[in-house]
Amino acid sequence: MRTSTQPPRAPQAVVQPPQPPESSFGRTLGEVVANYRMLGWKVNVTEQGVLLPLGPTTTALVMPARIGSAVLAELRARMLSGPTLVIPSPQENWVFLAELVALLPAQLRTPSEIRFVRSPSSIVLPPTMTPYGRVRWANAPSFSRHWLPPFTAVLAVARTIASTAN
């Protein structure tokens, strides 16, 4: 009988694949909607999917993914990142949810690649399916932080990134 002089191997840890951020919002549509409502979001479920109506103090900035990823990185560096959606399409768009904390001019100027969306529009939320794929979070909302970043901060970063991207 031959014995090994090597110590016995420690059991291998089972590595689970990373879960997408939206998994924290529940597995069924009912759980997802309930969790959005726990955030204080008055979501609607329609044939188009799960929709977040924008209110008088909630707004969104929509931009191409190439700008959006850089904007999110900069907002994270400044500790100002908030819920950010990825909307699949031939030209993937990122949607930054933000809070209006001041009155805005009637004619808001944004770079041509960035679109400002406000009430009475609605934003699609995960797990809505589009013809190009499922809506997902680039930066999921947090149950521990029930706030949205100031619109002016998101716009300032987006303007800077867009001007250097061209």
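Residues numbered from 1 in each chain as written. Predicted model: local features only at pLDDT ≥ 70, side-chain atom pairs only at ≥ 80, totals over all residues. Heavy atoms only, no water.

1. As for the confidence of the model for the protein chain
Looking at the protein chain, the pLDDT average stands at 84 and 80% of residues meet or exceed 70. Confidence over residues 8-23 falls short of pLDDT 50; this stretch has five contacts with residues more than four positions distant or in other chains. (pLDDT = per-residue confidence, 0-100. Contact = heavy atoms within 4.5 Å.)

2. Side note on the environment of Ser81
Mapped onto the elements of the fold, Ser81 is located in the loop between helix H2 (65-77) and strand E4 (84-87). For the pair Ser81 and Val71, spaced ten residues apart in the sequence, the C-alpha separation amounts to 9.1 Å. With near-sequence residues (within four places) excluded, Ser81 lies in contact with Leu72, Leu75, Arg76, Asn139, Arg145 and Trp147. (Helix = DSSP H or I, 4+ residues; strand = E, 2+ residues; numbered from the N terminus.)

3. Description of the layout of surface pockets
Any empty space left between atoms is shown by rolling a water-sized probe over those atoms. Quantified by volume, the largest pocket comes out at close to 370 Å³. In terms of lining, the largest pocket is formed by 21 residues, of which the most central are Leu39, Gly40, Trp41, Thr58 and Leu148. Of all the secondary-structure elements, those providing two or more residues to the lining of the largest pocket are strand E2 (49-53) and strand E5 (93-99). (1 Å grid on protein atoms, 1.4 Å probe; cavity = no way out; pocket = protein on both sides within 12 Å on 5 of 7 lines; lining within 4 Å. Points joined across faces, edges and corners; volume = space filled by probe spheres on them.)

4. Thoughts on the sheet that holds strand E10 (residues 136-139)
In sheet architecture, strand pairing relies on hydrogen bonds along the backbone and comes in two forms, parallel and antiparallel. A sheet is described by the order of its strands in space; here five strands give the open sequence E6-E3-E5-E4-E10, paired in antiparallel fashion. The two strands at the open ends of the sheet, each matched to only one other strand, are strand E6 (115-117) and E10. When strand polarity is set aside, the average angle formed by the axes of neighbouring strands in this sheet is 30°. Inspection of the sheet shows E4 paired to E10 by three bridges, in the antiparallel sense. In the strand pairing of E10, Val86 is matched with Arg136. This element, H2, spans strand E3 (58-64), E4, E5 and E10 of the sheet and lies at about 40° to E5. (Pairing = 2+ DSSP bridges. Axes fitted to C-alpha atoms, helices over the stretch in contact; angles between N-to-C directions.)

5. Section: the pairing of E3
Buried residues dominate E3, accounting for seven of its seven residues. In this structure, E3 lies alongside E5, joined through seven bridges in antiparallel fashion. Looking across to E5, one finds that Thr59 is bridged to Ala98. (Buried < 20%, exposed > 50% of the residue type's maximum accessible area, 1.4 Å probe, protein only.)

6. Some details on the sheet that holds strand E7 (residues 122-125)
Pairing within the open sheet is antiparallel, and its three strands lie in the order E1-E2-E7. Two strands bound the open sheet, and with one partner strand each, they are strand E1 (44-46) and E7. Taking each pair of neighbouring strands and ignoring which way they run, the sheet shows an average axis angle of 40°. Across four bridges, the pairing between E2 and E7 is antiparallel. The partner of Val50 across the bridge, within E7, is Leu125.

7. A look at the packing of aromatic side chains
This structure, assessed with the given rule, holds four aromatic pairs. Ring geometry for Tyr36 and Trp41: centres 5.7 Å apart, planes at 15°, overall stacked. Judged by its relative accessible area of 1%, Tyr36 falls in the buried class. Counting every residue linked through ring pairs, the aromatic cluster contains Tyr36, Trp41 and Trp137. (Phe/Tyr/Trp six-rings, centres within 6.5 Å; stacked < 30°, edge-to-face > 60°.)

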